[in-house]
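Reading the structure
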Amino acid sequence: MPRGHPGVLFRNWAGTHGCCPELFFQPGSLQEIRQILALARQRGKRVKVVGGGHSPSDIACSDGFMIHMGKMNRVLQVDEEKLQVTVEGGILLSELHRELDKHGMALGNLGAVSEVTAAGVIGTGTHNTGIQHGILPTQVVALSLLLASGRVLRCSADDDTVSEAEGRALFGAARLHLGALGVVLSVTFQCVPKFRLREVAFPSTLTQVLDQLEEHLQNSQFFRFLWFPHTENVRIIYQDPTAQAPRSSSSWFWDYAVGYHLLQFLLWLSTFFPRLVVWINRIYFRLLFSSRTENVDQSHRIFNYECRFRQHVQDWAIPIGKTREALLELKAELDRNPGIGAHFPVEIRFCRRDEIPLSPCFRRDSCYINVLMYRPYGKEAPRGRYWGIYEGIMRRHGGRPHWAKAHSCTRKDFLEMFPEFPKFCALREKLDPAGIFLNSYLEKVFF
């Protein structure tokens, strides 16, 4: 029996949520996880599986048993012919990149951070940008789950172990599982040949980028833009495959001395004087984002970027046709309320529709509008009015929240937002009738 440690304090990376589970486990095998689940059933405890802890919500918190999957991090199989890799659920994507590099392979799309586990990154519906690319779970072709009963289920798009229909339903649900169906033991990703990306970033205005949105979506495979609240300023970012040699325009002075240390101090001052944020946003756009820059590197180094600030985040997906209307409405609200002090940037990304039941992109091409409030030196900045305005706009335009980030939605909301939500609930109840894998976050989702 693996040893469970009492008194371990878990906090997410952003420092926004934490918990002290009754027992904290770090199993190294399937048998050890089975023993932990058996002990949980015996004692009537709930179990929460955690990985990198990057979700800025309380989705990973539990006062029961907590299983950290850091020791379940092996690469199980590399199929260079099919360009597929099978890994244990606890492997960090940063570890996987190194292995894929050796085989001339890469993941076709990534989020901003790679210090996240394979199981976790799909479980919350992590995404990047690119209207021809789906959220990261769309790159999964198979996976295996350890159920609360101790049984292992393996599923894929063409799995007919139970029946063809049930196998496909399980696979669809398990690709974005919320940690509610079981312990993800392994994941098989569809990869692509290793490639470099050329990133070009240049300034624009919100009016211009919205007027030319279709053109931008066609001009770059991985297009996104950053809008600076309380201004018209926008930073457009194109990322596209290239054969060019690596090069970088980064500068320690501008990126860290000015872009991090000085900015953190100014944001700390703004917690006392929120109207300073308007001027901070304008000055920093002029200092750091008003000129053209270019970088070339391996794909995962360009997709990823360093999240220097602890932060609160909301990130909702709306139908892509609502992008202009929603952003202009948000801008108008902030212009009328400069005292809100909305931090830069608002990040706008785009994703292709899919058939994953709990995906924010379920059956519709989507625009993600990501808003944040930094926590300079760990100090909270006022965000209640901003959050309320933003979430109200997202709801009015048919938005669906990112599962790992802040939102105020309940089961009633999800029933309206996700057409397949009742089917997911039925499957969850079938696979985990005692609710072993629930926590307070999931109770708000399912009850």
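This text follows the structure it describes.
Below: a short report on this structure. If you're wondering where the values come from, they're calculated on a predicted model, not measured in any experiment.

Turning next to the packing of helix 7 (residues 252–270) against helix 8 (residues 276–289). Interhelical geometry of helix 7 versus helix 8 gives an angle of 170° and a closest axis separation of 10 Å. The orientation of helix 7 with respect to helix 8, classified from their angle, is roughly antiparallel. Contact residues: helix 7 offers Trp254, Val258, Gly259, Leu262, Leu263, Leu266, Leu267, Leu269 and Ser270, while helix 8 offers Leu276, Val277, Ile280, Tyr284, Leu287 and Leu288. Taken together, the residues of the contact of helix 7 with helix 8 sort by class into 13 nonpolar, two polar and no charged.

This part takes up the sheet that holds strand 5 (residues 65–68). As summarised here, the arrangement of the three strands in space is 3-5-4, forming an open sheet in which the pairing is parallel. Unpaired on one side and paired on the other, strand 3 (23–25) and strand 4 (47–50) mark the two borders of the sheet. Strand-to-strand twist in this sheet, taken as the mean axis angle between neighbours without regard to direction, amounts to 20°. In the sheet, strand 4 pairs with strand 5 via four bridges, with the strands oriented parallel. Each residue of the ladder has a partner; that of Lys48, found in strand 5, is Met66. Helix-sheet contacts for helix 1 (residues 30–43) involve strand 3, strand 4 and strand 5, and the interaxial angle to strand 5 is about 170°.

Take the pattern of salt bridges next. Scanning all chains against the criterion turns up 25 salt bridges. A salt bridge links Glu347 to Arg349; the shortest N-O distance between them is 3.6 Å. You'll find Glu347 and Arg349 in the same group, each marked buried. Arg395 is the salt-bridge partner of Asp413, the closest N and O atoms lying 3.2 Å from each other. Of this pair, Asp413 sits in helix 12 (residues 411–417) while Arg395 sits in helix 11 (residues 384–396), and the two are 18 residues apart along the sequence. Through salt bridges with shared partners, a single ionic network connects Arg224, Asp315, Glu347, Arg349 and Lys405.

A separate point is the packing of aromatic side chains. Two descriptors summarise a pair of aromatic rings, namely the distance from one centre to the other and the angle between the planes of the rings. Counting across every chain of the model gives 24 aromatic pairs. Consider the rings of Phe222 and Phe303, whose centres lie 4.9 Å apart with planes at 80°: the pair is edge-to-face. A residue pair is termed long-range when its members are at least 10 positions apart, and Phe222 in the loop between helix 6 (213–219) and strand 14 (224–227) and Phe303 in helix 9 (residues 299–303) qualify at 81 residues. The same class applies to Phe222 and to Phe303, which are both buried. Of the aromatic side chains, those joined through ring pairs into one cluster are Trp403, Phe414, Phe418, Phe421, Phe424 and Phe446. Sitting above the plane of the Phe272 ring, Lys379 keeps its charged end 4.6 Å from the centroid. Sitting over the ring of Phe446, Arg428 keeps its end group 5.2 Å from the ring centre.

Conventions used here
- Residues numbered from 1 in each chain as written.
- Predicted model: local features only at pLDDT ≥ 70, side-chain atom pairs only at ≥ 80, totals over all residues.
- Heavy atoms only, no water.
- Axes fitted to C-alpha atoms, helices over the stretch in contact; angles between N-to-C directions.
- Helix = DSSP H or I, 4+ residues; strand = E, 2+ residues; numbered from the N terminus.
- Parallel < 35°, antiparallel > 145°, perpendicular 65-115°, else oblique.
- Contact = heavy atoms within 4.5 Å.
- Nonpolar A, V, L, I, M, F, W, Y, C, P; charged D, E, K, R; others polar.
- Pairing = 2+ DSSP bridges.
- Salt bridge = Lys/Arg side-chain N within 4 Å of Asp/Glu carboxyl O.
- Buried < 20%, exposed > 50% of the residue type's maximum accessible area, 1.4 Å probe, protein only.
- Phe/Tyr/Trp six-rings, centres within 6.5 Å; stacked < 30°, edge-to-face > 60°.
- Lys NZ or Arg CZ within 6 Å of the ring centre and 35° of its normal.

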